[in-house]
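# Geometric and topological summary
Each chain, letter by letter, is given below.
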Amino acid sequence: MPDIGIISSTIAAGVLLGGILGLTALGLSIVLGVMRLVNLAHGDFLVVGAYAGLFFLQFSGIDPVLGLPVVALLLGGLSIPLYRFLLAPLADRGAEAQMMTMFAVSIILENIFILVFSADTRSIARDYATYPLTLGPVTVPLIYLIGFAISVTVILVVHWLVSSTAFGRDLRASAADAQAAATLGVDVKRVQMLTFALGAACAGVGGTLIGAAFQFSPSSGGPYLLNSLAVVVLGGLGNVLGALVGGVVLGALQSVGGLTLGDGYRDVVGMALFLLVLAFRPEGFLAQGRT
Amino acid sequence: MRMTGRITIVWRLAAAVLALGITTADAADEIVIGASIPLSGPLAGFGSFQQWGYKRAVDEVNKAGGIAINGTKRQVKLVIRDDKTDPTVTAANTETLISREKAVALLGSCTPALVNAGALVADRAKKPLVTGCDPLEAFKSVRKWAYVWDLFLHEPELSAVQFKALADLGAQTNKRLAIWHDNGPDGQVVGGKLWPAFAKEFGYDVVQNAEFPPDNAQFTTIIGEAKSKGAEVVLVDAITPQAVAIRKQMAAADYKPKVIIIEKGAEPVQFAEALGKLSDGVIVGGYWDPTFPYPGAADLAKAFETETKLTSSQHIADSYAAAQVLLDAITSAGSIDPEKINDAIRTTNKTYVVGPIQFDQFHTAKLPVVSLQWQGGKTVVIWPKNARTGDFLFPLP
C-alpha cells in the first residue's frame, strides 16, 4: 500500500489534470451537442494547439501561456474554412458524412504534421512545466495547477457565453431543434460555424497546456480523442460544466487506477467507468440543466 | 475515319505496351532492396536516422557505378516504406516489398517488436534481411534464423555496462535502486531479468521494479513510490515519448535521484531537444560515437550533420553498417540469388563504421557498448575511461 504522500499527491494531480482534460473535451462536447458531429479530428486539433504553443514560444519568445489567446484565435480561424468548405456542404447528408470527412481531415493533419514538423516527440519546455508545488505531504506539478486554473476559467467563460448571451441562446436553440430554430429566424449554419470555431479554439488552448505538461508527437491525437470522448460521456453531451465534472472525475479515477493497479493500467478504471456510464446513464452525470 | 481511329488506338496501345516493356526492362536492371522502418509513430525518432543511414550506403554504391551482377553493373534501388511503429504494418510492408516491389533482400526496422515482425516474413520467404536496432537476445529468442542477420548490442553487456561505469567512475550513492521498464520483449529481458541480477552482483538493493505498457503516459505513482523509498539510482527502459514524460514528471514530482539511466528512449537527439536542460546528466548505453577508431566514423557524423543540419545519432551508424554488409554481400555473391547473398552475408568478416562484423551461429554480431551521458544537448562518452570524450556529470544536476 503506497504511503499517504503518494496517495494524496496522486489524487490531487489526477483532479488537477482532470480539469485540463475537461477543457480538452469541451470543444468535442459542444460540437457534438450543437452539430451532432463526433469530430474525429478533435485530437488532432489539440496537437495543432500544442505545435502552435511550441512555435509561438520559439518565434516570438513570449510564454505560450500568455500566448493562449493567440493560439485560440488561430485555431478558431483555421477551423472556419474547414467548416465552410468541408462540413457545411454535407449538412443535409447526415452526421455520418461529416464524421467521415473529419476522419479524413484527421489523417491528413497527422500526415501534414509529419511532413512539416517531422515525427519527433516534442514538448514545450518551460521551467514551470516541471516545477514541483509542495503543500505538506502533497506534491503536484505547478503546470497542473496553472492548467487547471486556466481550464476552469475558459470553461466558465464558455458557460457564460452559452447561457447568457444572444449567441448562446441561438446555440441552445440550434442544439435543441435546429429545424425549429431556423424557422424562428436563427441562422443555424452560422451558429454551427461559430460553435465549430469555438470548439477548435478550446482545443487549441487545451493542446498548448497538454504540450507544456506532457509530450506530444504527430500521432498523439488518437489517445486524446479517446480521453475526450470518455469525458463527454461522463459529463453529458453538450454540457459545458459537465465537461469539467467529467474531466475531474476521469482524472481522479485514473489516479485511483494508477494507485491500485499501477500507472500502466490507470486508463482501465477510467474506461470501465466510461462503459458503465454509457450503459446505465448514457446522458452523463449532469443530465439535467444542459449548458 | 473510323479505320483511322482504330489505327490510332492500336498505335497507342502498342506504344503503351512498348513503354511498359521498357519500364520493366529498366526495373529488371535495378537491384531492389526493401526496408520497412518507423517514419511515423512513437519510434519515428529512430526511423529518420535509419533512413539516412540506409540511403547513404546505397547512394555510395550507386555513385561508384553500382554492383556487378553476372559481369554487368547494376544500380541499387532502395524502396522504403513507413511501418508507423506498428509490427502488423511492418509484416505487411515486408510482404509487399517482397511480392510487389520484388526486393531481392531487405534491411530491418527498429526495436525487437518491429524488426522481428518483418524478419519472420523475410525468413519465411527466404529473402536475406540484415538489421541493426534489435538487441541480440531479443532477436535470438524468436527462432533459429536462416536468412536474417542482426548486428547490434548485446543486452547482458548493455545491462552490465552502467553498473561497471558507476563503480569505475566512483559514483557514491546509497545503493538503493529503482527499475522501471516497459513490457516489450527487450524491456522484460533488460528490466525484468538482467538489471536485477546485475544490481545484486554490484551490491545494489532493488527497492522497486515497476513495469508498464509501451503506450503509458502517466508515471505519477511509480515516481512517488521510488521517491518515498529513497532510490538514488533509477534505471529506465522505455521508448522516447515515455522517456521524455518520465524525466519531466520526475522533475515535477521533486524527485532528484543522483543517477538516472534511461536505455532506448534516451538515445535519439529528440530526447534532449524535447527536454532541454532536463536531459543533462541522463545516462544511456551506446554502441557508437563518431570518436570511435573505426573507418569513416568521424566522416559519417559530419556528413549527417552537414546534410541535415541536425545532431547525429548512433542509429545512423548501425543502419549504415547493416546496409553496407548487405551491399557487400550482394557484391561478393555477384548475384541476386537470395541463397548466394545469404551465404555471402554468413562469411562477412570486415571492420565497418561500427567495428568488426562477423556473424556467429545465431546470425548475430555484437557491437561494443559504452556509457554515454547527455550534456548540453549532446552525448559524451563517459566510460570506458580510454574512450572518454567528456567528464562524468555527477550527481544529476
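How each quantity is defined
- Residues numbered from 1 in each chain as written.
- Chains lettered and ligands numbered in written order.
- Predicted model: local features only at pLDDT ≥ 70, side-chain atom pairs only at ≥ 80, totals over all residues.
- Heavy atoms only, no water.
- Helix = DSSP H or I, 4+ residues; strand = E, 2+ residues; numbered from the N terminus.
- Expected span 1.5 Å × (residues − 1).
- Bend = angle between axes of the 7 residues up to and from the residue.
- Contact = heavy atoms within 4.5 Å.
- Buried area = accessible area lost by both parts, 1.4 Å probe.
- Salt bridge = Lys/Arg side-chain N within 4 Å of Asp/Glu carboxyl O.
- Axes fitted to C-alpha atoms, helices over the stretch in contact; angles between N-to-C directions.
- Parallel < 35°, antiparallel > 145°, perpendicular 65-115°, else oblique.
- Disulfide = S-S within 2.5 Å.
- Buried < 20%, exposed > 50% of the residue type's maximum accessible area, 1.4 Å probe, protein only.
- Arc of directions from axis to C-beta.
- Pairing = 2+ DSSP bridges.

### Concerning helix α6 (residues 155-168) of chain B
Residue and element names in this part refer to chain B. For α6, with 14 residues, the first-to-last C-alpha span of 20 Å sits near the 20 Å given by 1.5 Å per residue. Largest kink in α6: about 25°, centred on V161. Looking at the residues trailing α6, positive phi occurs at G170, about 70°.

### Points about the interface of chain B and chain A
Of the residues lining the interface, 35 residues belong to chain B; the matching set on chain A comes to 34 residues. Surface buried jointly by chain B and chain A totals about 2,400 Å² across both partners, of which 53% is contributed by carbon and sulfur atoms. Three residues, Q218(B), T221(B) and K248(B), lead the burial of chain B against chain A; their summed loss comes to 26% of the area buried on that side. In this structure, the connection of chain B to chain A is made through one salt bridge.

### Notes on unusual backbone geometry
Excluding glycine, most residues fall at negative phi; most peptide bonds, likewise, are trans. Residues and elements named next belong to chain B. Omega for the bond connecting W383 with P384 falls within 30 degrees of zero, at 5°, which places this linkage in the cis form. For P384, the position within the fold is in the segment after β17 (378-383). Geometrically, the link from F394 to P395 is a cis peptide bond, its omega value of -10° lying close to zero. Tracing the backbone shows P395 in the segment after β17. At K102, a residue that is not glycine, the phi angle is positive and equals roughly 60°. In this model, K126 sits at a positive phi of 60°, which is unusual for a non-glycine residue. On the secondary structure map, K126 appears in the loop between α4 (112-125) and β6 (129-131).

### Section: the packing of helix α1 (residues 4-35) of chain A against helix α9 (residues 221-235) of chain A
Residue and element names in this part refer to chain A. Orientation of α1 relative to α9, taken along the N-to-C sense of each, is 70°, at an axis distance of 8 Å. Put simply, α1 runs roughly perpendicular to α9. Contacts from L21, G22, T24, A25, L28, S29 and L32 of α1 reach α9 at L225, N227, S228, L229, V231 and V232.

### With respect to the state of the cysteines
Put plainly, a disulfide is one covalent bond tying together the sulfur atoms of two cysteines. All names here are of chain B. In this structure the tally under the stated criterion is one disulfide over all chains. Across the disulfide from C110 sits C133; the S-S distance is 1.7 Å. Here C110 is found in the loop between β5 (105-107) and α4, whereas its partner C133 is found in the loop between β6 and α5 (136-140), with 23 residues between them in sequence. Under the relative-accessibility criterion, C110 is labelled buried at 1%. Here C133 falls in the buried class, since its relative accessible area comes to 3%.

### Concerning helix α6 (residues 166-176) of chain A
All names here are of chain A. Three or more residues of α6 are buried, namely F167, G168, D170, L171, S174 and A175. Looking straight down α6, one finds that the buried residues subtend no more than 160° of arc, so they occupy a single side. Within α6, the exposed residues directed more than 90 degrees away from the buried face are R169 and A176. Where α6 is buried, its residues touch α1, α5 (142-164), α7 (178-183) and α8 (188-213).

### Focus: the sheet that holds strand β15 (residues 364-366) of chain B
All names here are of chain B. Ordered in space as β4-β1-β5-β6-β7-β15, the six strands form an open sheet in which the pairing is parallel. Unpaired on one side and paired on the other, β4 (76-82) and β15 mark the two borders of the sheet. Across the sheet, the mean angle separating the axes of adjacent strands is 20° when strand polarity is ignored. In terms of strand pairing, strand β7 (residues 148-152) meets β15 through three bridges, oriented parallel. Opposite F152, over in β15, you have K366 as the bridge partner.

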